[in-house]
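What the coordinates show
Here is how the chains run, residue by residue.
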Amino acid sequence: QVQLVESGGGLVQAGGSPRLSCAASGNFFSINNMGWYRQAPGKQRELVAVITSSGSTNYTDSVKGRFTISRDNAKNTVYLQMNSLKPEDTTVYYCNANGRRWYNHFEVWGQGTLVTVSS
């Protein structure tokens with residue numbers, strides 16, 4: 001079983017720069033992609049940023065230039081550095097990872113962490 005534990009969310013002032021962390025644990029052979037998604041009330045979950053095992057990244061346009069995704073493979077952890085936060089960034093952020101276990105593939109989600117940006 002693979003589990004993701006997120007941290008770093010909370011109340012942040014506009015313009016702030018928190019960093020979200022997501023650590024994977026459990027039994028797995030390798031992790032392929034790790035990413036961050038967010039889901040605003042009444043809307044479906046959307047991709048914020050994703051990073052592959054080789055370090056290739058992709059961002060949604062609304063965060064490009066402000067957010068940076070990175071990973072530490074030794075720690076099985078993905079980070080989302082959030083800069084210049086805006087009130088519209090307020091929502092629940094979810095960590096996602098996929099990869100291989102010994103005999104199959106997996107995809108897991110974190111529990112979500114709420115980021116609230118005050119104006």
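The structure we're discussing is the one just above.
Residues numbered from 1 in each chain as written. Predicted model: local features only at pLDDT ≥ 70, side-chain atom pairs only at ≥ 80, totals over all residues. Heavy atoms only, no water.

1. Side note on the overall build of the protein
The helix and strand inventory of the protein stands at zero helices and 11 strands. Listing the helices and strands of the protein from first to last along the sequence gives β-β-β-β-β-β-β-β-β-β-β. Its C-alpha radius of gyration of 14 Å places the protein within 12% of the 14 Å reference for a compact globule of 119 residues. Each principal axis of the C-alpha atoms in the protein carries an extent, and together these give about 50 × 25 × 20 Å. Here the protein holds 119 residues, and the buried ones make up 39% of them. Here the analysis covers contacts within the protein between residues at least 6 apart in sequence; of these, 55% occur between residues at least 24 apart. Counting every atom, the protein has about 6,500 Å² of accessible surface; 45% of that belongs to carbon and sulfur. The averaged location of the 7 negative side-chain charges in the protein is 4 Å from the averaged location of its 11 positive side-chain charges. (Helix = DSSP H or I, 4+ residues; strand = E, 2+ residues; numbered from the N terminus. Rg over C-alpha atoms; globule rule 2.2 N^0.38 Å. Buried < 20%, exposed > 50% of the residue type's maximum accessible area, 1.4 Å probe, protein only. Contact = heavy atoms within 4.5 Å. Areas by Shrake-Rupley, 256 points an atom, 1.4 Å probe, with all protein chains shown as cover. Lys, Arg positive; Asp, Glu negative; His and termini not counted. Charge placed at Lys NZ, Arg CZ, Asp CG, Glu CD.)

2. Observations regarding the side chain of Arg71
Mapped onto the elements of the fold, Arg71 is located in strand 7 (residues 67-72). Despite its burial, Arg71 pairs with no opposite charge, the nearest such side chain being Asp72 at 8.4 Å. A distance of 2.7 Å separates a polar side-chain atom of Arg71 from the backbone oxygen of Asn32. Here Thr52 takes part through its backbone oxygen, which lies 2.9 Å from a polar atom of the side chain of Arg71. Each residue touching Arg71, except ones within four places of it in the same chain, is listed here: Ile31, Asn32, Asn33, Met34, Ile51, Thr52, Ser53, Thr77, Val78 and Tyr79. (Salt bridge = Lys/Arg side-chain N within 4 Å of Asp/Glu carboxyl O. Polar contact = N/O pair within 3.5 Å; in protein donor to acceptor, adjacent residues only side chain to side chain.)

3. Digging into a nonpolar patch on the surface
There is a patch of nonpolar side chains on the surface, built from Phe29, Trp102 and Tyr103 and spanning about 510 Å² of accessible area. If you trace the backbone, Tyr103 turns up in the loop between strand 9 (91-100) and strand 10 (105-109). (Patch = residues over 30% accessible without salt bridge, like charges linked within 9 Å, V, L, I, M, F, W, Y side chains within 5 Å.)

4. Thoughts on the pattern of salt bridges
Using the criterion set out here, one finds three salt bridges in the structure. Between Glu46 and Arg38 there is a salt bridge, and its shortest N-O distance comes to 3.1 Å. Residues participating in the shared-partner salt-bridge network are Arg38, Glu46, Arg66 and Asp89.

5. Topic: the pairing of strand 9
Burial runs high along strand 9: eight of the 10 residues are buried. Here strand 4 (residues 30-39) runs beside strand 9; their pairing, made up of eight bridges, is antiparallel. Counted as the bridge partner of Trp36 is Cys95 from strand 9. Looking at chain direction, strand 9 and strand 11 (residues 113-118) are connected through three bridges and run antiparallel. Within strand 11, the residue paired with Thr91 across the bridge is Val115. The antiparallel hairpin formed by strand 9 and strand 10 contains four residues in its connecting segment. (Pairing = 2+ DSSP bridges.)

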